[in-house]
Structure formats: structure tokens, C-alpha cells
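# Residue-level structure breakdown
Now for the letters of each chain:
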Amino acid sequence: MWTLVGRGWSHGRALAVWAAGTAQRGRLEPLPTPTCGAPAEFRAWDRLYTSAERKEKIDMSRFSVENIRNFSIIAHVDHGKSTLADRLLELTGTIDKTKNNKQVLDKLQVERERGITVKAQTASLFYNWEGKQYLLNLIDTPGHVDFSYEVSRSLSACQGVLLVVDANEGIQAQTVANFFLAFEAQLSVIPVINKIDLKNADPERVEKQIEKVFDIPSDECIKISAKLGTNVERVLQAVIERIPPPKVHRKNPLRALVFDSTFDQYRGVIANVALFDGVVSKGDKIVSAHTKKIHEVNEVGVLNPNEQPAHKLYAGQVGYLIAGMKDVTEAQIGDTLYLHKQQVEPLPGFKSAKPMVFAGMYPIDQSEYNNLKSAIEKLTINDSSVTVHRDSSLALGAGWRLGFLGLLHMEVFNQRLEQEYNASVILTTPTVPYKAVLSSAKLIKEYREKEITIINPAQFPEKSKVTEYLEPVVLGTIITPDEYTGKVMMLCQARRAVQKNMIFIDQNRVMLKYLFPLNEIVVDFYDSLKSLSSGYARDKAHSVGKAICERLKDSLPRQLFEIAIQAAVGSKIIARETVKAYRKNVLAKCYGGDITRKMKLLKRQAEGKKKLRKVGNIEVPRDAFIKVLKTQSDK
Ligand SMILES: Nc1nc2c(ncn2[C@@H]2O[C@H](COP(=O)(O)OP(=O)(O)OP(=O)(O)O)[C@@H](O)[C@H]2O)c(=O)[nH]1
């Protein structure tokens, strides 16, 4: 839901979170050079789990509801979720202990290259403890704020979470945001302090922070080293002891929540489901509460972490289901599946993800339009949070306007297009959506709405048609060392942010909450924040403007008159370049003759050029736009 906040509007649960003064990986890192094919490590993992090696169908009835735990790992970026997941998979014998087990659940090439989790993955772990066999369903979640939509949907299938905090860095902005997602969903939270092997680790200080910020007694924290495996077994035991089994009924008719879905070109949609009631098996006819379409189930199973077919899935369990659906829209995230002729009340679904950053995407060469179209279609099948509208531009030709959850999401999408579909694209500078409240009944009738959402700057309505413009705002959390507080506050004010809260989380760390206009932070806020803490804040407008002018100068064909290229911020010109005119030799036919005749000819030429300059339109070749846009995206 969009709720109006002051003169802006805010996104229901989306928290923009940033951290200052930390050594975490940057949001706006340049893209690594695309590589073709999978890295060696990736191939090794694939070889371990080819479908030919799948085991016999597994009998899941042996796991009664009391012996099931559904949990997730949440943390700030880089605090060690994926490493902990690897250790849990090893400890439960789900994967062999080898040195190659690095981020086993991160299957996408982009995830491995950037070392980030983008897509939440599920793994069912079988674990014997005190004479009982437990089924522990682990759902790995992305740490970056752009993917917090993935976090919240993963959490809806869980009863508890492991909240991982780095023993050196302590609580960071995203630790706070993720904790509150779990808290709102009323999940049990097990705090895990990771990386205690680091030289600068200070687990006692982090314990105190956890007590202060989340009100969790410090003796509940488990101190581990996911890298070395220290104390990881205690984490598994805490999952069993502190997280309750799911509250479900196996005798009731089937009620399954779709919490993720992927598309396989041979088998169709593979839906990840959490069963709240009933049982499902091959041959069952199921109905989607959303589309009302009937499908026959071909296969059910659990992810271990590769697909492991099962005879049946029972309430309380988490697994996958294949039912001949040809498009992920037929198994939308948040949808409820039930048995044909046994209709049930649908489970509360998810709020659909709202794209917050829009950019134009065009093929570098228009003849590639259809290939790119099909690549975008395939990729969006697996990422339903991207929106696609057809668009065209005089300069760049036919293309699309795509909506993303954030800038990193946009970069990852672009990188996946390049790596998985070999597509080369031009992306325009990202913008945020605005709303315009229309001024007259006639206009409201024309647009069939009181308020229109504008995702393309070219479609901004005239001022006379509008009573008010609204912009999206986000609640941001910044955690910074005390010494930078003043500078950070000045930066926030300069970005039109309104302070909401400020607390000291320990002697030298401050947590600030601000309401930010999204447009002010979407592109370079994180960079500015980082440069503040490293002491080299600078104004980028001049250098960016100059670089664009220089590129345009090199790309524009010369004309008979001089062309001035200027970069402006508002009405202030910040950079200028000149494309020199061709000079026709008007004196060529003037053999000898006196000097006044020559002067006259030159004067006439200068006047002609002046006139030309006034009326002269220049045609900017498509290439020039592409080159300019490329410099921007290279930044
Ligand atoms: N020294 C030390 N390093 C660790 C430990 N756990 C993880 N790391 C390192 O920390 C880095 C980040 O770990 P990941 O497991 O990828 O972090 P993550 O939280 O999954 O990251 P995202 O998926 O991007 O959110 C990697 O270089 C790990 O090797 C630990 O216990 N000790």
C-alpha cells in the first residue's frame, strides 16, 4: 500500500537502509566484466547434482508436524548467511564436506561473482537429535535492501529466524530492517553472532547492542564462526528447541502457499510451496485461487538442496510442485493452491512488489530487438518483481521501460541479461515514479483517474493540469560511528530528508532514522555517504557534465557552423565543449584581387554561418546517444 506521508508518499514496509563507515561491499560497484559460461566452481557444484543422480522417491510421511521446523537466516549483507547455510548443509549431511562448498545455495552466476544472494533458495535438512529425526527447512534470504521483498515472502513460510550479526561490525542498518520484518511476522528470533574467529571480533559488545536495540537477553546469543564451523551444531539445536513447529492440520483439505516460483523450459513452472493444510501428491488436480485454473500435479518433492522427488508432501512441509503450468503468472507468489472441488479460504498473500526505480532499456542495434525481447521475457518469468512497458525514443529506437526494486536489482538484471542471454543493452539513467493529482473533472474523466503515476519523465503532465505532484519517500536507517554523525546529518538535510529518530546503540555508534525522498538517494546517496566517512566528499556534477560533453563532442558530426555543447544543472551551465565548424575556402576562386574583396567574402561567410547557427537544426546520430549513455553507465 502506498500511504501519503506529508507531501510525499511512502511504501508500506519498504525500508531503505544504508550503513556508513563500514567496510561492506558497495552498492554501486562497477559491474564486473561479463564472462561467458559458468566459472569452474559453478560447474563442479552442478556436476554434484545432475538429475540423473536423483535418488528414489522419498517418503515424507515419517516427519510428523512436531518434528518439523521452518526457518530462515536473515542478516546484513556479508555478515555470513550463506557461509552459515553451507555449514548447516554439511552438518546435516545434505552436502559433502569439501573445500568447494562456498555459497552452495547461491546458484546464479551473478550471485557467485558478486558474492551476494539475490534469489532466496530453500533446502530441506534431515537431522537426528536425541533419538528423533527432524526435518529442518532452511530458506536462505538475500541481504540487500533491494531484495527485502524476497526476504518478507520467505519469512511467510517460516516460524523462526536466525539473525546473524558480524562480531566485528556489529548491528548494521539491514540487521535492523530484517529484524523488524521477522518481528512483525511474529517469528521466534535466534541471535547468532558470527565471525568470532576474527582478530577484531568483539562478541560481548555485539551482545549488548542486540539487547539494547532488539530487547533480546544477551544470554540468548549463540557465538559462532561459520567459516571454521565453531559452535554451528548449537545453532541447529537452538532451531529445534526455540522455534515452534508449524501450526497446521493434515486432515483438512489442501492449502498450499506459493512462496516462490521458477521456470524450467522443459518442465514448466516449478512452484515452491509451503503446505498449511492437507496433503498433495502426483495425479492430484489442483486449482489456483488466483487464476482458478485447474492443473494436474506431475511431481512433488523437497529441495535437498537439489530436487528430490517425494511420494507426497504433507502439511507443515516445504517443497516444490510441478503441475504443467506454462508461465509463472499461473503460480504467482502469494497464491494459494487447493484441491479441485475442495475450495478453501485463500491464505493471506503477499503485497505485490512495487518497482521503485525505472529505466529505459534499448537494444544497441535495433536488429537485435526481437532477441532482446525474448531474453527479457524469459528473465522476467523468473523475476516477477520487474515490470515491463513498451517504450520508444526518437534517438534510441524501440525499447522498453522497466521497473526495478532498486538500483542493485537493476544492475543484477542487466548483468543476467548479458551473462545468461548474451544480450547487450543501453540502459538510460534511472528515475523514480511520481504521482500527479489532476486539476479538473474533465481531466479526471480523460485519464479515468484522479491521480496518475508517471514512470517516464517524457510523459510528465503540464503544470496547468495538475494541483499537486507527489513523490515516493522511504524510511532510511543509517548506523554510523559517532564521529561522522554531524556530517551524515548535514548530508541528509541536503537531500531534503526529515529526521525521525536518533539513538546511541553503544558508546560510539549512532542509529539515525530519516524519511528520504527516494529520488534524492536512488543513484548516488550511498557513494556520498561512503565518501563522507572516508573524508573525500566532492561534487560530481561538474566532472560528469564534462565527461558527457566531451563524449558528445567526439560523437557529433561537424557542421558548417559551430556547435556549442553545454551541460546544465537547472539554469547553471557547468561544462561546455565546442564542435568546430567546417570551413569552406571561399577565397579559392579569388585569384589575386585586392584585400577588400577578400575581406568582403570572409565577412559574408561569417554572417551566413551566424544565420545558419540560428536556424540550423542538427541531427544527433543514434550512435552519439549510445556513446553518451555508455559513459554514464560506466561511471
Ligand atoms: N573470518 C570469517 N569470515 C567469515 C565467516 N563467515 C563468513 N565469512 C566471510 O564473510 C564473507 C561474506 O559471507 P557470506 O556468507 O557470503 O555473506 P552473506 O551474508 O551470505 O552475504 P549476502 O548473500 O550478500 O547477503 C565471505 O567472504 C565469507 O568467507 C566467519 O565465521 N569468519
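Residues numbered from 1 in each chain as written. Predicted model: local features only at pLDDT ≥ 70, side-chain atom pairs only at ≥ 80, totals over all residues.

The following threshold applies: UniProt positions are given in the numbering used here, feature names are shortened, and annotations may be inferred rather than shown by experiment.
In the annotation of an unreviewed UniProt entry, the entry for the protein reads Translation factor GUF1, mitochondrial isoform X1, and the organism field reads Panthera pardus. As stated in UniProt under Subcellular location (unreviewed entry), the record for the protein gives "Mitochondrion inner membrane". Per UniProt, the protein carries the Catalytic activity (unreviewed entry) text "GTP + H2O = GDP + phosphate + H(+)".

## Details of the overall build of the protein
Stated formally: Here a strand is any run of E in DSSP of at least two residues, a helix any run of H or I of at least four, and the numbering for each starts at the N terminus. Counting other C-beta atoms within 10 Å of its own, a residue is labelled buried from 20 upward, exposed at 12 or fewer, and partly exposed in the gap between, with every C-beta atom placed from the backbone. Distance between backbone-placed C-beta atoms decides contact: two residues are in contact if it is within 7 Å.
For the protein, the helix and strand inventory stands at 16 helices and 29 strands. In the protein, which comprises 635 residues, the share counted as buried stands at 39%. Here the contacts in the protein between residues at least 6 apart in sequence split such that 72% fall between residues at least 24 apart.

## Brief notes about the nonpolar core
Defined as follows: For the purposes of this analysis, a nonpolar core is taken to be any set of buried Ala, Val, Leu, Ile, Met, Phe, Trp, Tyr and Cys residues that are connected through C-beta atoms within 7 Å.
In terms of nonpolar packing, the biggest core is built from 125 residues, with V161, L163 and V273 touching the most fellow members. Looking at this core, the element that brings in the most residues is strand β10 (residues 268-277), giving seven residues. Excluding residues within four positions of it along the chain, V161 makes contact with F71, S72, I74, L155, A182, L187 and V189.

## A closer look at unusual backbone geometry
Its identity is not glycine, yet D78 carries a phi of approximately 75°, on the positive side. Mapped onto the fold, D78 is located in the loop between β3 (68-75) and α2 (81-91). In this structure D78 comes out as buried when scored by C-beta crowding, with 21 C-beta atoms within 10 Å. In this model, K292 sits at a positive phi of 65°, which is unusual for a non-glycine residue. Its place among the elements puts K292 in the loop between β12 (285-288) and β13 (294-296).

## A closer look at the sheet that holds strand β22 (residues 425-427)
Here is the rule: If DSSP finds at least two bridges between two strands, the strands pair. What counts as an axis is a line fitted to C-alpha atoms, over the stretch in contact for a helix, and the angles between N-to-C directions run from 0 to 180 degrees.
An order of β20-β21-β19-β22 is seen for the four strands of this open sheet, with the pairing classed as antiparallel. Two strands bound the open sheet, and with one partner strand each, they are β20 (387-393) and β22. For this sheet the average axis-to-axis angle between neighbouring strands, irrespective of direction, equals 30°. Where β20 lies against strand β21 (residues 397-404), seven bridges are found, and the strand directions are antiparallel. Bridge pairing in β21 links D391 to G399.

## A closer look at α2
Among the 11 residues that make up α2, nine are buried, leaving the element largely enclosed by the rest of the structure. Along α2, the residues classified as buried are K81, S82, T83, L84, A85, D86, R87, L88 and L89. Residue G93 follows α2 closely and has a positive phi angle near 75°.

## Focus: the sheet that holds strand β17 (residues 318-322)
The strand order across the open sheet formed by eight strands is β13-β12-β18-β9-β10-β17-β14-β15, and the pairing between neighbours is antiparallel. With partners counted over all chains shown, the strands left at the sheet margins are β13 and β15 (307-310), one partner each. Across the sheet, the mean angle separating the axes of adjacent strands is 40° when strand polarity is ignored. Where strand β14 (residues 299-303) and β15 come together, four bridges link them in antiparallel fashion. Residue pairing in the sheet places V300 in a bridge with A310 of β15.

## Some points on the packing of α2 against helix α7 (residues 232-242)
Here is the rule: Reported orientations rely on four angle classes, namely roughly parallel under 35 degrees, roughly antiparallel over 145, roughly perpendicular from 65 to 115, and oblique for the rest. When residues are grouped by polarity, Ala, Val, Leu, Ile, Met, Phe, Trp, Tyr, Cys and Pro land in nonpolar, Asp, Glu, Lys and Arg in charged, and all others, Gly among them, in polar.
Two elements in contact, α2 and α7, have axes whose closest approach is 10 Å; the angle formed by their N-to-C orientations is 80°. As judged from the angle between their axes, α2 and α7 are roughly perpendicular. Within the contact between the two elements, α2 uses R87, L88 and L91 and α7 uses V232, E233 and L236. Considering only residue class, the contact of α2 with α7 consists of four nonpolar, no polar and two charged.

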